[in-house]
Amino acid sequence: METVELQVATHTPASLISQAIDKGLDVASLEKLLDLQQRWEAGEARKLFFKAFTNFQANCPDLRKTKQVSFGQGSASFHYAPIADITRQIGKALKENDLSYRWEIQDTEKEIKVTCLISHSAGHTERTTMSALADTSGAKNAIQSRGSTVTYMQRYTLIGALGLSTADSDIDGRLPVVDVDKLHKDYMEVYGEVILLDPKLNKYDPDNWKVERTAKAYVRATPELKKILAELKDKKK
């Protein structure tokens, strides 16, 4: 019996643009198609990002807290994971999922702002931002105090952006003052979009949290809420 193969045409924005050019479509119509193509590519890139992000979280190793801090004999001590150890431990899992990270730093006289950017090779990027004053504790000079703050926020924005809660450490008493109001505002902007798409998800309202509204809580919660928002938008298409 002869096998008949059926070919199903797939119409992407790129194929529509090609057809439009062949038919001599006007410039205004081509611009609309190009805009459609860009939005389509951005949507596809976002899907690939969150697929890779989900796989990364499922396969990322438990982070080891390798550094000990002691406040002297007879005083409290603790272990935590320095930024260099965190990046070393997650490097393989990031590479396997075509993910990368970097930071943008804005330093003004009033505050220091650090943004961690997690990007996928397809082009989509998610951002997590923290702001704080310079860490003037101890005997730090001006440069050291600002460097200490940048390192702290690099660590916590990376932890938050990737959902690495196991890397947390109990050192908040020595850390610079973080703008929790700004973190709350950023979170609520995402929450506002989520609740418009699905009113049943009001459990993500900070008023319904079962934990204290600390900077760490917002840094952890915001990337997760962004992931939920992306999934909701994809379902609406």
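Keep in mind that this is a model prediction, so the values were computed, not measured.

1. Some remarks on the packing of helix 3 (residues 83–96) against helix 4 (residues 142–162)
- Their axes nearest at 11 Å, the elements helix 3 and helix 4 cross at an angle of 30 degrees. As judged from the angle between their axes, helix 3 and helix 4 are roughly parallel. Handedness of the helix 3/helix 4 crossing: left-handed. Between helix 3 and helix 4, the residues in contact are I83, I86, T87, I90 and L94 and T151, Q154, R155, L158, I159 and L162, respectively.
- The residue makeup of the contact of helix 3 with helix 4, split by class, is seven nonpolar, three polar and one charged.

2. Notes on unusual backbone geometry
- In this model, D98 sits at a positive phi of 60 degrees, which is unusual for a non-glycine residue.
- Relative to the helices and strands, D98 is located in the loop between helix 3 and strand 3 (99–107).
- By relative accessible area, which is 43% here, D98 ends up partly exposed.

3. Structural notes on the pairing of strand 5 (residues 125–132)
- Among the eight residues of strand 5, six are classified as buried, and the element is accordingly described as predominantly covered.
- Sheet analysis places strand 4 (residues 112–120) next to strand 5, joined by eight bridges and oriented antiparallel. Counted as the bridge partner of S119 is T125 from strand 5.
- Counting the residues in the hairpin turn of strand 4 and strand 5 gives four residues, including G123, whose phi is positive at 120 degrees.

4. Digging into the confidence of the model for the protein chain
- Averaged over all residues, the pLDDT of the protein chain equals 79, while 77% of them reach at least 70.
- pLDDT under 50 marks residues 1–9. Its contacts with residues more than four places away, or in other chains, come to zero contacts.
- Within the model, pLDDT remains below 50 along residues 167–174, and this stretch shows 23 contacts once partners closer than five positions in the same chain are excluded.

5. Quick word on helix 5 (residues 180–197)
- Between its terminal C-alpha atoms helix 5 stretches 26 Å, which fits the 26 Å expected from 18 residues at 1.5 Å a residue.
- Looking at helix 5, one finds that the buried residues are L183, Y187, V190, Y191 and V194. Axial view of helix 5: buried residues confined to an arc of 105 degrees, hence all on one face. The exposed residues of helix 5 that point more than 90 degrees off its buried face are D181, K185 and L196.

6. Some details on the pattern of salt bridges
- In the structure shown here, the tally under the stated rule is eight salt bridges.
- The salt bridge involving D35 is made with R39; its shortest N-O contact spans 3.0 Å. Here the residue D35 and the residue R39 both occupy positions in helix 2 (residues 27–59), the gap between them amounting to four residues, near one helical turn.
- When its relative accessible area of 37% is taken as the criterion, D35 is described as partly exposed.
- Linking E44 and K47 is a salt bridge whose minimum nitrogen-to-oxygen distance equals 3.4 Å. Residue E44 and its partner K47 are located together in helix 2, separated by three residues, close to a single helical turn.
- Note on E44: relative accessible area 30%, which makes it partly exposed.

7. Topic: the nonpolar core
- Judged by nonpolar contacts, the single largest core of 23 residues is most densely connected at M130, M153, L183, Y187, V194 and L225.
- Put simply, the parts of the chain that give this core at least two residues each are strand 4, strand 5, helix 4, helix 5 and helix 6 (215–236).
- A per-element tally of this core places helix 6 first, with eight residues.
- In this structure, L225 is in contact with Y187, V190, Y191, V194 and Y204, ignoring residues within four places of it in sequence.
- Counting 22 residues, the second largest nonpolar core, distinct from the first, contains F50, L94, C116 and L162.

Parameters at a glance
Starting afresh in each chain, residues are numbered from 1 along the sequence in its written order. With the structure being a predicted model, the display of local features is reserved for residues of pLDDT at least 70 and the display and counting of side-chain atom pairs for 80 or more, all residues being used for whole-chain, interface and lining totals. Here the side-chain values reflect all heavy atoms present in the structure, with hydrogen atoms and water set aside. Throughout, an axis means a line fitted to C-alpha atoms (over the contacting stretch in the case of helices), and angles, computed between N-to-C directions, take values from 0 to 180 degrees. In DSSP terms, a helix is any run of H or I states spanning at least four residues, a strand is any run of E spanning at least two, and both are numbered starting from the N terminus. Comment on the angle field: the value is read as roughly parallel under 35 degrees, roughly antiparallel over 145, roughly perpendicular from 65 to 115, and oblique elsewhere. By definition, turning the near helix anticlockwise from the far helix through less than a right angle yields a left-handed crossing, and turning it clockwise yields a right-handed one. Note on contacts: a residue pair qualifies if any of its non-hydrogen atoms lie within 4.5 Å across the two residues. Polar here means any residue outside two lists: the nonpolar Ala, Val, Leu, Ile, Met, Phe, Trp, Tyr, Cys and Pro, and the charged Asp, Glu, Lys and Arg; Gly therefore counts as polar. Three exposure classes are used, based on accessible area relative to the maximum for each residue type with a 1.4 Å probe and protein chains only: buried under 20%, partly exposed in between, and exposed over 50%. Strands qualify as paired when DSSP identifies two bridges or more between them. On a scale of 0 to 100, pLDDT captures the predictor's confidence in every residue. In a helix, the anticipated span is given by 1.5 Å times the number of residues less one. In this description, the arc belongs to the directions extending from the helix axis to the C-beta atoms. A pair is scored as a salt bridge if a Lys or Arg side-chain nitrogen falls within 4 Å of a carboxyl oxygen belonging to Asp or Glu. To qualify as a nonpolar core, a set must consist of buried Ala, Val, Leu, Ile, Met, Phe, Trp, Tyr and Cys residues joined through side-chain atoms within 4.5 Å.

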